[in-house]
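The primary structure of each chain is shown beneath.
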Amino acid sequence: PDSAAVNYERAAAIQPNAFASKNAGVCYLQMKKYNEAIPHFTAAIASGQFTDGLPEYGRGACYYNMQRYDEACPDMRIAIQRGFPVEDNVVARCTQ
């Protein structure tokens with residue numbers, strides 16, 4: 001995932017691309033590099049090109065894993081509303 005993330009990041013830098021940003025975010029999330037993933041998911045969300053909840057879930061997962069629940073839960077609620085599968089323990093924390 002490390003080299004893939006770097007390649008997606010380069011692609012997004014050459015020509016801004018929401019899909020490259022989202023994919024870079026996913027790679028960094030898988031590597032538990034949450035601070036690196038967040039800006040990529042934020043760019044994907046800002047593009048307005050995704051309606052499946054994945055970018056919101058990704059950014060929310062980063063915040064959640066960093067125990068920044070106040071920032072995680074709004075994203076997780078959007079992901080849930082859009083039908084993205086969210087873990088039960090996250091749903092319980094973020095929908096109370």
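The structure we're discussing is the one just above.
As a starting point, this report considers the structure included with it. (Residues numbered from 1 in each chain as written. Predicted model: local features only at pLDDT ≥ 70, side-chain atom pairs only at ≥ 80, totals over all residues. Heavy atoms only, no water.)

**Quick word on the pattern of salt bridges**
- All chains considered together, the criterion is met by 3 salt bridges.
- Note that E56 is salt-bridged to R82, the shortest N-O span being 3.0 Å. Here the residue E56 occupies a position in helix α4 (residues 54–65), and R82 occupies one in the loop between α5 (69–81) and α6 (88–94), the gap between them amounting to 26 residues.
- Across the pair D75 and R59 runs a salt bridge, and its minimum N-O distance is 2.6 Å. With a gap of 16 residues between them, D75 in helix α5 and R59 in helix α4 connect regions that are remote in the sequence. One exposure class covers both D75 and R59, and it is buried. (Salt bridge = Lys/Arg side-chain N within 4 Å of Asp/Glu carboxyl O. Helix = DSSP H or I, 4+ residues; strand = E, 2+ residues; numbered from the N terminus. Buried < 20%, exposed > 50% of the residue type's maximum accessible area, 1.4 Å probe, protein only.)

**Overview of the state of the cysteines**
- Under the criterion given, the structure shown has 1 disulfide.
- Disulfide pairing places C73 opposite C94 at an S-S distance of 2.2 Å. A torsion of -65° about the S-S bond marks the disulfide between C73 and C94 as left-handed. With a gap of 21 residues between them, C73 in helix α5 and C94 in helix α6 connect regions that are remote in the sequence. You'll find C73 and C94 in the same group, each marked buried.
- Here C27 is not disulfide-linked; the sulfur of C62 is the nearest cysteine sulfur, at 12 Å.
- The class for C62 is buried, based on a relative accessible area of 0%. (Disulfide = S-S within 2.5 Å.)

**Structural notes on the packing of α4 against α5**
- Contact pair α4 / α5: the axes reach a minimum separation of 8 Å and the direction vectors enclose 155°. With respect to each other, α4 and α5 are oriented roughly antiparallel. As for the relative orientation of α4 and α5, their crossing is left-handed in sense. Here E56, Y57, R59, G60, A61, Y63 and Y64 of α4 come into contact with α5, specifically with Y69, E71, A72, D75, M76, I78 and A79.
- Here the contact of α4 with α5 is composed, by residue class, of 9 nonpolar, 1 polar and 4 charged. (Axes fitted to C-alpha atoms, helices over the stretch in contact; angles between N-to-C directions. Parallel < 35°, antiparallel > 145°, perpendicular 65-115°, else oblique. Left-handed = near helix turned anticlockwise from the far one by under 90°. Contact = heavy atoms within 4.5 Å. Nonpolar A, V, L, I, M, F, W, Y, C, P; charged D, E, K, R; others polar.)

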